[in-house]
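# Structural features, examined
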Amino acid sequence: MREAAVEVQDVVVRYGGVVAVDGVSLTVPRGSILALLGNNGAGKTSLLQVCEGFRGPDAGSARVLGLDPVADHDELMPRLGIMLQSGGVYPWATAGEILRLFASFAANPLDTDMLLDRLGLRKFAKTTFRRLSGGEQQRLSLALALVGRPELVFLDEPTAGMDVGARQTTWELVENLRADGVSVLLTTHLLDEAESLADHVVIMDGGVVAATGTPAELTAAAGIDLLRVRADAGLAVADLAARVCAKVTESSPGEYEIAGALDTAAIAAALGWFAAEGAQVTAVDTRRRTLEDVYLALTAGAAR
Ligand SMILES: Nc1ncnc2c1ncn2[C@@H]1O[C@H](COP(=O)(O)OP(=O)(O)OP(=O)(O)O)[C@@H](O)[C@H]1O
């Protein structure tokens, strides 16, 4: 079996007395998308820098496409696409010039005009980088990361500052990358981005991994958190609340909301209670926790 695209083992990153990454392990299988989530300062960019070979870990190890990202940096760089949080390009050069320059570094680059068109940048080809808007600079940074047909792409908050249309295009591009067998490690603050794009999600909090899994696993583990039942008005909800150990309200006459961590037994008990009351149930609806609910519950400590 081929080695993983990224294999990080117990990585530690320190800045003086600050431990930014505190023993993180993760794997990006080939041809998959891993989303790294976490609040500001959680350690995502620091971990990415280790994978990109811009700094070595203070402890632990990283292998990228089977190579050491620091020792094998020169061999690795042509095979990687890297989109940094802050452009990192010449502010006085035009978008077209910068893209053609990056293309010239690659053995088999993508067509630069096609990329400019795809990212809606054709009309800015002769605009200098510093005169592009924040979202346009982001789009150009993405084009620079992709122009060399990389095997593995690192995207640090790729859609930050992009409008809705550009975000959609970026998501399509990232999905196309996966379809072409390219591996992607991205950071994001957008839970819907992670939920719709990623095969695997790693949630970091305070430099450590707080949770990991597929979006479906993470949300399934959290279960159903709201059951809505439409039935006769004016039932004695205190009785139901005690029975299912959940918060029960009659939000409007005959509309009951049962909120809490509801497993199958609790849902069955709740519906059984309505039957025992002789109530006519005319509608039942459940709400499953989203990745956002899971994320907020796991990282609540960061808001301290
Ligand atoms: N060069 C540096 N010198 C000192 N401390 C740093 C340096 N870079 C990052 N840090 C600190 O390390 C911690 C992790 O920062 P990092 O940028 O990796 O987090 P992040 O999860 O990428 O955050 P964000 O979502 O805001 O980009 C933070 O507390 C940050 O202040």
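This one's a predicted model, so the numbers in the text were calculated from it and none came from an experiment.

### Here's the deal with the domain arrangement of the protein chain
Domain assignment breaks the protein chain into domain 1 (6–219) and domain 2 (224–288). For domain 1 versus domain 2, the distance between C-alpha centres works out to 45 Å.

### Details of unusual backbone geometry
Keep in mind that most residues, glycine aside, have a negative phi and that most peptide bonds are trans. Look at aspartate 10: it is not a glycine, yet its phi comes out positive at around 50°. With respect to the helices and strands, the residue aspartate 10 is situated in strand β1 (residues 6–15). Located in the positive-phi region is leucine 65, a residue other than glycine, with phi close to 50°. Relative to the helices and strands, leucine 65 resides in the loop between β4 (59–64) and α2 (73–76).

### Comments concerning the site of the ligand
Around the ligand lies a shell of 13 residues, among which Asn40, Gly41, Lys44, Thr45 and Ser46 are the nearest. Within the contact set of the ligand, an oxygen atom lies 2.9 Å away from a side-chain nitrogen or oxygen of histidine 189. For the ligand, the protein covers 60% of the area, taking 630 Å² as the surface of the free molecule. With 3 residues, helix α1 (residues 44–52) is the largest single contributor of residues to the shell around the ligand. Among the residues making up the shell around the ligand, the classes are represented as 3 nonpolar, 8 polar and 2 charged.

### Some words on the packing of helix α5 (residues 134–146) against helix α6 (residues 164–179)
At a closest axis distance of 12 Å, the pairing of α5 and α6 adopts a crossing angle of 10°. Considering their axes alone, α5 and α6 lie roughly parallel with respect to each other. Across the interface between the two elements, Arg139, Leu142 and Leu146 from α5 touch Ala166, Thr170, Leu173 and Leu177 from α6. For the contact of α5 with α6, the residue count by class is 5 nonpolar, 1 polar and 1 charged.

### Things to note about the nonpolar core
Grouped together as the largest cluster of nonpolar side chains are 45 residues, with contacts concentrated most on Leu37, Leu99, Leu140, Leu155 and Val201. The dominant element in this core, judged by the number of residues it contributes, is α5, at 6 residues. Not counting chain neighbours up to four residues away, the residues in contact with leucine 155 comprise Leu48, Met83, Leu142, Val174, Val184, Leu185, Leu186 and Thr187. In terms of nonpolar packing, the next biggest core, distinct from the first, is built from 29 residues, Leu76, Leu80, Leu152 and Met204 among them.

### Some words on the layout of surface pockets
Taken as a whole, the largest pocket spans an internal volume of roughly 550 Å³. What lines the largest pocket is a set of 22 residues, among which Met77, Leu80, Ile82, Phe102 and Leu144 lie closest to the centre. Elements represented by at least two residues in the lining of the largest pocket include exactly β5 (80–83) and α5. At 4 residues, β5 tops the list of elements feeding residues into the lining of the largest pocket. Across the lining of the largest pocket, the residue classes break down as 16 nonpolar, 6 polar and no charged. A volume near 250 Å³ is recorded for the second largest pocket. Along the walls of the second largest pocket sit Leu110, Met114, Leu115, Arg118, Leu146, Arg149, Pro150, Leu173, Asn176, Leu177, Asp180 and Val182, which together make up its complete lining. If you list the elements that add at least two residues to the lining of the second largest pocket, you get α4 (112–118) and α6.

### Some details on the pattern of salt bridges
One pass over the full model with this rule turns up 11 salt bridges. Residues participating in the shared-partner salt-bridge network are Glu3, Arg30, Arg79 and Glu151.

Rules used throughout
Residues numbered from 1 in each chain as written. Predicted model: local features only at pLDDT ≥ 70, side-chain atom pairs only at ≥ 80, totals over all residues. Heavy atoms only, no water. Domains from an automatic or database assignment. Helix = DSSP H or I, 4+ residues; strand = E, 2+ residues; numbered from the N terminus. Near = heavy atom within 4 Å. Polar contact = N/O pair within 3.5 Å; in protein donor to acceptor, adjacent residues only side chain to side chain. Areas by Shrake-Rupley, 256 points an atom, 1.4 Å probe, with all protein chains shown as cover. Nonpolar A, V, L, I, M, F, W, Y, C, P; charged D, E, K, R; others polar. Axes fitted to C-alpha atoms, helices over the stretch in contact; angles between N-to-C directions. Parallel < 35°, antiparallel > 145°, perpendicular 65-115°, else oblique. Contact = heavy atoms within 4.5 Å. Core = buried A, V, L, I, M, F, W, Y, C linked by side-chain atoms within 4.5 Å. Buried < 20%, exposed > 50% of the residue type's maximum accessible area, 1.4 Å probe, protein only. 1 Å grid on protein atoms, 1.4 Å probe; cavity = no way out; pocket = protein on both sides within 12 Å on 5 of 7 lines; lining within 4 Å. Points joined across faces, edges and corners; volume = space filled by probe spheres on them. Salt bridge = Lys/Arg side-chain N within 4 Å of Asp/Glu carboxyl O.

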